[in-house]
Every structure is written in structure tokens, then in C-alpha cells.
Amino acid sequence: MIDFAVRENAAWCDLVCRTHGQPGSVDADTWSVPRRSPPWYPDAVTLQGTDLTIARRYGFRAVGPLRVWAR
């Protein structure tokens, strides 16, 4: 169930970004956009549950206890 929800979230973010002319890309670990996404949307979504080392590898850092990430 979690995997489905994570992938649906990434698909929704991709749809929103594409409608703003910012197509994203997907690999085995993440969905991401190369430029800043529209307001209130993430620049990347991890697709592998809670292994946050993947996010760090892409240059993100935690900015709070709720797993909000900034690059």
C-alpha cells in the first residue's frame, strides 16, 4: 500500500510539473525535476520508502522533523 501511495504521489507531482512546462524524470529511486517545481510541490520524491540516504545523495537536507527536504 505504501509503495502504491508513493508512486501515485510522484505521478501527481509529475503531472502538475508537466502542465507548468517542467517534465520530470524517474529512476529506480526517485522522481525529480531539474528546476524548481511550482509552489507547494516538491522537486523530488523518493520511491523507496524510508531510506533517506537516497535523498541526501541527490543533495537534499532535512529542514525539520516532518521530513521536509530542501536543496
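Computed from a prediction, not measured in an experiment: that's the story for all the values here.

What to know about unusual backbone geometry
Consideration 1: One non-glycine residue, Trp-40, lies in the positive phi region at around 75 degrees.
Consideration 2: Among the secondary structure elements, Trp-40 is positioned in the loop between strand E2 (30-32) and strand E3 (44-46).
Consideration 3: The class for Trp-40 is exposed, based on a relative accessible area of 84%.

Focus on the pattern of salt bridges
Consideration 1: Enumeration over the complete set of coordinates arrives at three salt bridges.
Consideration 2: Among the ionic pairs, Asp-43 bridges to Arg-36, the shortest N-O distance being 2.6 Å.
Consideration 3: Accessibility expressed as a relative area gives 13% for Asp-43, which makes it buried.

Considerations on the sheet that holds E2
Consideration 1: Spatially, E1-E2-E3 is the arrangement adopted by the three strands of the open sheet, whose pairing is antiparallel. Looking at which strands have only one partner, the edges of the open sheet turn out to be strand E1 (25-26) and E3.
Consideration 2: As defined by bridge partners, E2 adjoins E3 across three bridges and the pair is classed as antiparallel. The partner of Ser-32 across the bridge, within E3, is Ala-44.
Consideration 3: Along the sheet, helix H1 (residues 2-19) contacts E2 and E3; its crossing angle with E3, the most-contacted strand, is approximately 170 degrees.

Scoring rules and cut-offs
- Residues numbered from 1 in each chain as written.
- Predicted model: local features only at pLDDT ≥ 70, side-chain atom pairs only at ≥ 80, totals over all residues.
- Heavy atoms only, no water.
- Helix = DSSP H or I, 4+ residues; strand = E, 2+ residues; numbered from the N terminus.
- Buried < 20%, exposed > 50% of the residue type's maximum accessible area, 1.4 Å probe, protein only.
- Salt bridge = Lys/Arg side-chain N within 4 Å of Asp/Glu carboxyl O.
- Pairing = 2+ DSSP bridges.
- Contact = heavy atoms within 4.5 Å.
- Axes fitted to C-alpha atoms, helices over the stretch in contact; angles between N-to-C directions.

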